Amino acid sequence: MDAQQFGSFVAQCRKERNMTQADLASIIHVTDKAISRWERGIGFPEIQTLEPLASALNISLLELMKAQKMPADHMAKEEAADAVTDTLNTAMQQQKQERRKIAKTLGILSLMVVCLLFFDLLQWQADTIVFTCIGVFLPLFCIGGSIALLCRGIAKKAKDKPYKQSFVFAFVLFFLLLIFVGLFFLIGAFGIGPVPQ
């Protein structure tokens with residue numbers, strides 16, 4: 001099911017019933033922002049909302065899932081099965097996206113906690129934190145990132161998939177590594193930080 005097509009169909013049915021987004025939202029117990037998102041093609045309603053939505057728009061569930069009006073005698077079993085399958089696939093995609101967002105949020109939170117613990121371990125000494133980040137974390141990130149992207153690019157090239165972007169970013173990270181190492185030793189040469197002279 002295409003989100004744009006679904007959204008246009010919902011908007012059309014809503015207008016035919018002379019309802020505002022707020023009217024429809026109050027009938028099916030969602031926010032008018034949710035209706036607006038659906039009509040703009042930004043996502044789909046939750047699966048348990050489909051039946052009340054179809055009822056409020058005075059259309060069949062099959063018509064809603066197919067995003068098109070059909071004569072009453074035209075509802076074949078195969079079409080109904082396809083529409084249900086599409087809807088279930090859409091619901092599963094929504095759940096996967098939600099799980100990814102949750103994992104990303106937890107990952108960022110974990111990284112923040114690790115950073116706070118690391119800074120606390122260094123007793124919040126600004127110069128040590130800065131030099132550790134520049135002298136240890138960034139070079140390791142650049143080395144690991146460039147190797148990972150280089151391997152990814154080689155694997156993509158072997159599968160005849162677009163690979164140039166991976167090579168470009170691998171080169172950029174390697175170039176940044178050279179800059180960081182150069183600056184780090186230059187700072188050491190001037191005796192500014194805890195770097196071997």
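Relevant structure appears above.
Since the structure is predicted, the reported quantities are computational estimates derived from the model, not experimental observations.

Draft legend 1. Here's a closer look at the environment of Ser8. One can find Ser8 in helix H1 (residues 3-16). The exposure class assigned to Ser8 is partly exposed, which follows from its relative accessible area of 45%.

Draft legend 2. Spatial organisation of the pattern of salt bridges. All chains considered together, the criterion is met by two salt bridges. For Glu39, the salt bridge goes to Arg14, with nearest N and O atoms at 2.6 Å. Taken together, the positions of Glu39 in helix H3 (residues 32-39) and Arg14 in helix H1 put the pair 25 residues apart, joining distant regions of the chain. Notably, a salt bridge pairs Lys69 with Glu16, separated by 2.7 Å at the nearest N-O pair. Of the two residues, Lys69 is situated in the loop between helix H5 (61-66) and helix H6 (77-121) and Glu16 in helix H1; the sequence distance between them amounts to 53 residues. A residue is classified by how much of its surface remains accessible, and Glu16, at 47% relative accessible area, is partly exposed.

Draft legend 3. Layout of a positive patch on the surface. A surface patch of positive charge is lined by Lys33, Arg37, Arg40, Lys101 and Lys104. Positionally, Lys104 belongs in helix H6. Overall, the relative accessible area of 59% leaves Lys104 in the exposed class.

Draft legend 4. Seen up close, unusual backbone geometry. The backbone phi angle of Asn18 is positive, close to 55°, even though this residue is not glycine. Position of Asn18 relative to the elements: it lies in the loop between H1 and helix H2 (21-28). Asn18 gets classed as exposed once you look at its relative accessible area, which sits at 70%. If you check the backbone angles, His29 has positive phi at about 60° while not being a glycine. Owing to a relative accessible area of 70%, His29 belongs among the exposed residues under this scheme.

Draft legend 5. Geometry of the packing of H2 against H3. Across the interface, H2 lies against H3 with an axial gap of 8 Å and an inter-helix angle of 115°. Classified by the angle their axes make, H2 and H3 are roughly perpendicular. Of the two possible hands of crossing, H2 and H3 adopt the one that is right-handed. Between H2, through Gln21, Ala22, Leu24, Ala25 and Ile28, and H3, the contact on the second element is made entirely by Asp32, Ile35, Ser36, Trp38 and Glu39. Its residues assigned to classes, the contact of H2 with H3 comprises six nonpolar, two polar and two charged.

Draft legend 6. Just the nonpolar core, in detail. In this structure, Leu24, Leu53, Leu57 and Leu64 are the most contacted members of the largest nonpolar core, which totals 21 residues. If you list the elements that add at least two residues to this core, you get H1, H2, H3 and helix H4 (50-56). Ranked by residue count, the leading element in this core is H1, at five residues.

Rules behind the numbers
Starting afresh in each chain, residues are numbered from 1 along the sequence in its written order. Residues qualify for local features only when their pLDDT is at least 70, as the model is predicted, and side-chain atom pairs are given and counted only at 80 or more; totals for whole chains, interfaces and linings, by contrast, use all residues. Side-chain figures throughout are based on the complete set of non-hydrogen atoms in the structure, without hydrogens or water. Working definition: helices are DSSP H or I runs of at least four residues, strands are E runs of at least two. Numbering for both runs from the N terminus. Per-residue accessibility, obtained with a 1.4 Å probe over protein chains only, is compared with the maximum for each type, and a residue is labelled buried under 20%, exposed over 50%, and partly exposed between these values. We define a salt bridge as a contact between a side-chain nitrogen of Lys or Arg and a carboxyl oxygen of Asp or Glu at a distance within 4 Å. By definition, no residue in a patch forms a salt bridge, and every one has over 30% relative accessible area; like charges are joined within 9 Å, nonpolar side chains (Val, Leu, Ile, Met, Phe, Trp, Tyr) within 5 Å. Note on areas: Shrake-Rupley with a 1.4 Å probe; residue coverage comes only from the protein chains shown. A positive count includes Lys and Arg, and a negative count includes Asp and Glu. His and the chain ends are not counted in either. To locate a charge, take atom NZ for lysine, CZ for arginine, CG for aspartate or CD for glutamate. Between N-to-C directions, angles span 0 to 180 degrees; the directions come from axes that are lines fitted to C-alpha atoms, helices contributing only their stretch in contact. Oblique is the label for any angle not under 35 degrees, not over 145, and not in the 65 to 115 range, which are roughly parallel, roughly antiparallel and roughly perpendicular in turn. Put simply, a crossing is left-handed when the front helix is turned counterclockwise from the back one by less than a right angle, and right-handed when it is turned clockwise. In this analysis, two residues are considered to be in contact whenever any of their non-hydrogen atoms come within 4.5 Å of each other. As a working rule, the residues Ala, Val, Leu, Ile, Met, Phe, Trp, Tyr, Cys and Pro are called nonpolar, Asp, Glu, Lys and Arg charged, and the rest polar, with Gly in that last group. As used here, the term nonpolar core means buried Ala, Val, Leu, Ile, Met, Phe, Trp, Tyr and Cys residues forming a set that is joined through side-chain atoms within 4.5 Å.

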